[in-house]
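Below, each chain spelled out in residue letters.
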Amino acid sequence: MLRHPRITMLRKLATLGLLLTAMPVQAQWLQRISREQLDSLANPATAPGGEAMRFDARCIDTGEIAEDDAPSTYTFRWRNTGNDPLVVTRIETTCGCAKAGYEKRPVAAGGKGEVKITYHPKGHPGHFRRKIFVYTQLSEKQPTAILELKGHATPSVVPTHDYDHAMGPLLLKQRTLRLTGTQVQTERIECLNAGKEPLRLKADAKLLPEYLIFECDPQTFEPGKTGDLVIRFDPAKAPQKLPAWIPVMIEGLALPPSQRTLRIELGDRE
């Protein structure tokens, strides 16, 4: 989805607002912008004829949700009270955590339509208020309707958003390590057990060459706790010519082999 200039400006203004007390120069500059100008950015004028798009509610309050909750979808229902069909051409939101879905078919006069917003709370704790700009064929530049999704997400007990890779309940900050292949070396991958059961992991010994040692620190990853997957390299046991990379298949996870394998790259990066 292309980022609309208005959305970018709103985010910049929000950042500037946080700097007002700490940076007088920015505060003085921002004070030169009239309230009308600020309001026009946050609440732009709607397209002429936009009143024909009549929503049951233009604001939905999600209430209290949790950052750890799965994404939820909220539906804004509307009716075409005008004399001509209306076609939703695009929808823009003030945050990528709010994903929009809509029907692309024309809604005839008297017909009904829906705008669905799926909210992803992960990584967005605290109070939120997301604007949703609905555009139709009435105007390319002015939204036909402005909606709002608000609520509060209680912070996650386990910061799963800090980990980019997942092997079932085991979350990892990376799945690839690089070793020089010329010296004694120890590398670690930080992990989090996001499941409800302890994890006791080991590497498939049939695939692990003798010059690589796999360990877990601690030996058992308790639920909600972090730890490290440790890879040690012993050049004294390594052959003169090393492969470009070695798979390390982890045992103790109920996943297909391809989904529980680390990639250990050997040699200097070109």
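Predicted, not measured: the structure shown is a model, and the values here were computed from it. What you see as residue numbers is a count from 1 along each chain, following the sequence as written. With the structure being a predicted model, the display of local features is reserved for residues of pLDDT at least 70 and the display and counting of side-chain atom pairs for 80 or more, all residues being used for whole-chain, interface and lining totals. Hydrogens and water are ignored here; the side-chain numbers use all heavy atoms of the structure.

**As for empty space enclosed by the protein**
A cavity here means a set of points on a 1 Å grid, drawn over the protein atoms and nothing else, where a 1.4 Å probe fits but cannot get out; a pocket is an open set with protein on both sides within 12 Å along at least five of seven lines, and a residue lines either one if it has an atom within 4 Å of a point. Grid points are joined across faces, edges and corners, and a volume is the space filled by probe spheres set on the points. Applying the stated criterion across every chain yields a total of one cavity of 30 Å³ or more. Taken as a whole, the largest cavity holds about 30 Å³ of empty space. Looking at the largest cavity, the residues that line it are W78, L86, V88, E103, R105, V107, G113 and E114. Considered class by class, the residues forming the lining of the largest cavity number four nonpolar, one polar and three charged. Basically, the charged four are Asp, Glu, Lys and Arg, the nonpolar ten are Ala, Val, Leu, Ile, Met, Phe, Trp, Tyr, Cys and Pro, and anything else, Gly included, counts as polar.

**Some details on the packing of aromatic side chains**
Each Phe, Tyr or Trp ring (for Trp, its six-membered ring) is paired with any other whose centre lies within 6.5 Å, and the angle between the two planes then decides the class: stacked below 30 degrees, edge-to-face above 60, tilted in between. All told, the structure shown has three aromatic pairs when counted by the stated rule. On the basis of an interplanar angle of 15 degrees and a centroid distance of 4.3 Å, the ring pair of Y119 and F128 is categorised as stacked. For the exposure calls, accessible area comes from a 1.4 Å probe over protein chains only, and a residue counts as buried if that area is under 20% of its type's maximum, exposed if over 50%, partly exposed in between. A relative accessible area of 1% means that Y119 is categorised as buried. Geometry around Y135 places R90 over its ring, the cationic atom sitting 3.8 Å from the centre. The criterion for a charge sitting over a ring is simple: Lys NZ or Arg CZ within 6 Å of the ring centre, and within 35 degrees of the ring normal. The aromatic ring of Y163 is capped on one face by K173, whose charged end is 5.5 Å from the ring centroid.

**Here's the deal with the pattern of salt bridges**
Where charged atoms from two side chains of opposite charge come close, those side chains can pair. A side-chain nitrogen of Lys or Arg and a carboxyl oxygen of Asp or Glu constitute a salt bridge if their distance falls within 4 Å. Evaluation of the coordinates by the stated rule reveals 15 salt bridges. In this structure, R105 and E103 form a salt bridge, with 3.2 Å as the shortest nitrogen-oxygen distance. Residue R105 is classed as partly exposed on the basis of its relative accessible area of 43%. Measuring nitrogen to oxygen at the nearest pair gives 2.9 Å for the salt bridge that ties R129 to E148. Note that R129 is positioned in strand β7 (residues 126-136) and E148 in strand β8 (residues 145-154), a separation of 19 residues in sequence. A single network of salt bridges, built from pairs that share partners, joins R77, E114 and K116. Put simply, DSSP H or I for four residues or longer makes a helix, DSSP E for two residues or longer makes a strand, and each gets a number counted from the N terminus.

**Quick word on the sheet that holds strand β19 (residues 261-266)**
Sheet strands line up and pair through hydrogen bonds in the backbone, either parallel or antiparallel. Two strands are said to pair when DSSP picks up at least two bridges between them. An order of β11-β19-β18-β14 is seen for the four strands of this open sheet, with the pairing classed as mixed. What marks the edges here is a single partner per strand, and that holds for β11 (176-179) and β14 (202-203).

**Quick look at the sheet that holds β8**
Strand order in this open sheet of four strands is β2-β8-β7-β4, and the pairing throughout is mixed. In this open sheet, the two edge strands, each paired with only one partner strand, are β2 (59-66) and β4 (88-93). Strand-to-strand twist of the sheet, defined as the mean angle between neighbouring strand axes without regard to direction, takes the value 20 degrees. The pairing of β4 with β7 spans five bridges and is classified as antiparallel. Considered in β7, the bridge of I91 is made with V134. Geometry is summarised by axes, namely lines fitted to C-alpha atoms with helices restricted to the contacting stretch, and by angles between N-to-C directions that run from 0 to 180 degrees.

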